[in-house]
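# Examining the three-dimensional arrangement
Each chain, written out:
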Amino acid sequence: MALDNLIFAQCILYFLAFVFGFIAVVPLSENTEDFGGKCLLFTRGMWQNENITVSKQRYIVEEWGPESSCSFITFVGIASLILSAVQAWRLLFFLCKGHDDSIFNAFLNLLISSLVVFTVFLSSTIISVGFNMWCDSITEGGSMPSSCEDLQDTDLELGLDNSAFYDQFAIAQFGLWAAWLTWLGIAVMAFLKVYHNYRQEDLLDSLIHEKDLLLGRSSRRGSDYKTGLI
């Protein structure tokens, strides 16, 4: 019964990881489309006057962020999405059929979930740090009268659609950090399952050993009894 509860808890966590992965991937994909493939993470630029006579300022991008940053984050989100869906379906099948993982599969799940915890944490850190650098750049470190959120309503005249960048990355950050917490819980559950299987295997070995001892004592008593009769 305790094992069924553990499998059910794992199934719920995998489902949550799927939901949070979906929440992260959708706005990231939308932003990639809006920005024409350019990555705003770690982007550097400054506000400059359009000309000497007009005081109107325009944001000039000095260097766009590396596209590999956005690609990596999106890849991790999609991988988390697919893996959590497969694992949730597999555990749901086990729960319905009354099956369980072997010791090797349980240990393999622990390794995979630990790797996912690391990669999701890395991608969450990248998106948070990179987006803060972008916001510091367009607000000039907070010296601008408008906040980063307010500037998404301003046409930055970059030749792309920047009307929702703040909302997109705020949602993506929430999805990734929530997914990281969920995968951390999955890794803990996987460790508990490995520990439970190890204890069961240990108990089984002890019972077999005790059985062998009892059988050995019985055979010895039988041989001693026959020797006494002779």
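Analysis parameters
Residues numbered from 1 in each chain as written. Predicted model: local features only at pLDDT ≥ 70, side-chain atom pairs only at ≥ 80, totals over all residues. Heavy atoms only, no water. Helix = DSSP H or I, 4+ residues; strand = E, 2+ residues; numbered from the N terminus. Buried < 20%, exposed > 50% of the residue type's maximum accessible area, 1.4 Å probe, protein only. Disulfide = S-S within 2.5 Å. Polar contact = N/O pair within 3.5 Å; in protein donor to acceptor, adjacent residues only side chain to side chain. Contact = heavy atoms within 4.5 Å. Core = buried A, V, L, I, M, F, W, Y, C linked by side-chain atoms within 4.5 Å. pLDDT = per-residue confidence, 0-100.

### Focus on unusual backbone geometry
Glycine aside, the phi torsion of most residues is negative, and most peptide linkages are trans. One non-glycine residue with positive phi stands out, namely Phe-42, at about 65°. With respect to the helices and strands, Phe-42 occurs in strand β1 (residues 39–49). Overall, Phe-42 belongs to the partly exposed group, its relative accessible area being 24%.

### Observations regarding the state of the cysteines
The full count for this structure, using the stated rule, is two disulfides. The disulfide bridge from Cys-135 ends at Cys-148, spanning 2.1 Å between sulfur atoms. As the torsion about the S-S bond is roughly -60°, the Cys-135-Cys-148 disulfide counts as left-handed. With Cys-135 in helix α3 (residues 103–138) and Cys-148 in helix α4 (residues 148–151), this residue pair connects regions lying 13 residues apart in the sequence. Indicated for the chain is the disulfide connectivity 1-2, 3-4, based on numbering the bonded cysteines in sequence order.

### Some details on the side chain of Ser-123
Among the secondary structure elements, Ser-123 is positioned in helix α3. Of note is the side chain of Ser-123, whose polar atom sits 2.9 Å from the backbone oxygen of Val-120. Excluding residues within four positions of it along the chain, Ser-123 makes contact with Phe-72, Ile-73, Val-76 and Leu-176.

### Re the nonpolar core
In terms of nonpolar packing, the biggest core is built from 25 residues, with Leu-40, Leu-41, Ile-127, Phe-131, Trp-134 and Phe-165 touching the most fellow members. Of all elements in the fold, only α1 (2–34), β1, α2 (67–97), α3, α4 and α5 (165–229) reach the threshold of two or more residues within this core. Sort the elements by how many residues they give to this core and α3 lands first, with six residues. In this structure, Leu-13, Tyr-14, Ala-17 and Val-120 belong to the second largest nonpolar core, which totals 21 residues.

### Some thoughts on the confidence of the model for the chain
Averaged over every residue, the pLDDT of the chain is 81; residues scoring 70 or more account for 79%. For the chain, the element scoring lowest by mean pLDDT is α5, at 74; α3 scores highest, at 90.

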